[in-house]
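Observations on the model geometry
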Amino acid sequence: MNGKTDLGDLFRKVYAVLKKEKIPYLLIGGLAAGIIGEPRFTRDADFLIFIPRSKAKRILGKLRENGFDFDNKEAENTILSRGVFRVFWQDLHADFVINALKTARGAIKRALDVKLFGLSVQIPSPEDLILFKLIAGREVDLMDVKNIFLRYEGRIDEKYLVKSAQEFCDETENMEV
């Protein structure tokens, strides 16, 4: 295995903690984009988790118990400031976004169940992943959006997408999406 950790191993370890702790989640990021849009290289797993920020310390403790490493102070600071945290396992990492948006809660109801690394995993609908990627707004996210649109040409619910983007903008008072 040339000294590199397998992304599937990282994913299964995170998945086990989320399941055991009964944390609602969606797999987002490059892994989800590869399933819904076009596969691309990624060395991490990204999760949108549906918990109050006040429970994040407990989840961090459970992740540490399961072999994950992180800087406590940095994790606490990024949770407070942005609602995100990162944990490491060997040479890989997992990123977590704590959902704080009312508009994103509906995404869990529209989630798709797919098989990944031998597990039944929840990913956002194409429309919801497009919205999440537009919110992130990095170049790689915008490429993922383009690939999802290409793959689902004519099947994207554009009315839902526009309505959800407007709700996000209203809720966050950020008109950049």
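Going by the structure above, here's the rest.
Calculation criteria
Residues numbered from 1 in each chain as written. Predicted model: local features only at pLDDT ≥ 70, side-chain atom pairs only at ≥ 80, totals over all residues. Heavy atoms only, no water. Core = buried A, V, L, I, M, F, W, Y, C linked by side-chain atoms within 4.5 Å. Buried < 20%, exposed > 50% of the residue type's maximum accessible area, 1.4 Å probe, protein only. Helix = DSSP H or I, 4+ residues; strand = E, 2+ residues; numbered from the N terminus. Pairing = 2+ DSSP bridges. Axes fitted to C-alpha atoms, helices over the stretch in contact; angles between N-to-C directions. Contact = heavy atoms within 4.5 Å. Lys, Arg positive; Asp, Glu negative; His and termini not counted. Salt bridge = Lys/Arg side-chain N within 4 Å of Asp/Glu carboxyl O. Polar contact = N/O pair within 3.5 Å; in protein donor to acceptor, adjacent residues only side chain to side chain. Arc of directions from axis to C-beta.

1. As for the nonpolar core
In terms of nonpolar packing, the biggest core is built from 55 residues, with Phe11, Phe47, Ile49, Phe85, Phe96 and Val121 touching the most fellow members. Among the elements that make up this core, the one with the highest residue count is helix H1 (residues 7–20) (7 residues).

2. Quick look at the sheet that holds strand S2 (residues 44–49)
Taken in spatial order, the 4 strands line up as S1-S2-S4-S3 in an open sheet, and their pairing is mixed. Each edge of the open sheet carries a strand with a single partner, namely strand S1 (25–28) and strand S3 (84–89). Going across the sheet, the axis of each strand differs from the next one's by a mean of 25°, ignoring polarity. As paired elements, S3 and strand S4 (residues 92–98) share 6 bridges and run antiparallel to each other. When the bridges of S4 are listed, Phe88 appears paired with His93. Of the strands in this sheet, S3 and S4 touch helix H4 (residues 72–82), which is tilted by about 150° from S3.

3. What about unusual backbone geometry?
In this model, Gln90 sits at a positive phi of 55°, which is unusual for a non-glycine residue. With respect to the element layout, Gln90 can be found in the loop between S3 and S4. The phi angle at Phe117 is positive, at roughly 50°, despite the residue not being glycine. For Phe117, the position within the fold is in the loop between strand S5 (112–116) and strand S6 (119–123). By relative accessible area, Phe117 is classed as partly exposed at 30%.

4. Re the side chain of Glu127
Mapping Glu127 onto the fold places it in helix H6 (residues 126–136). Despite its burial, Glu127 pairs with no opposite charge; the closest candidate is Arg110, at 6.6 Å N-O. At 2.9 Å, the side chain of Glu127 and the backbone nitrogen of Asp157 are in polar contact. The residues contacting Glu127, other than those within four sequence positions of it, are Arg155, Ile156, Asp157, Tyr160 and Leu161.

5. Details of H4
Considered for burial, the residues of H4 that qualify are Ala75, Thr78 and Ile79. Seen along its axis, H4 keeps its buried residues to an arc of 105°; they face one direction. Turned more than 90 degrees away from the buried face of H4 sit Lys73, Leu80 and Ser81, all of them exposed. Contacts made by the buried residues of H4 are with helix H3 (56–65), S3 and S4. The N-cap residue of H4 is Asp71: its side-chain oxygen and the backbone nitrogen of Lys73 are 3.2 Å apart. Taken from the residues just after H4, Gly83 is the one with a positive phi, measuring 70°.

Keep in mind these numbers describe shape, not what the thing actually does.
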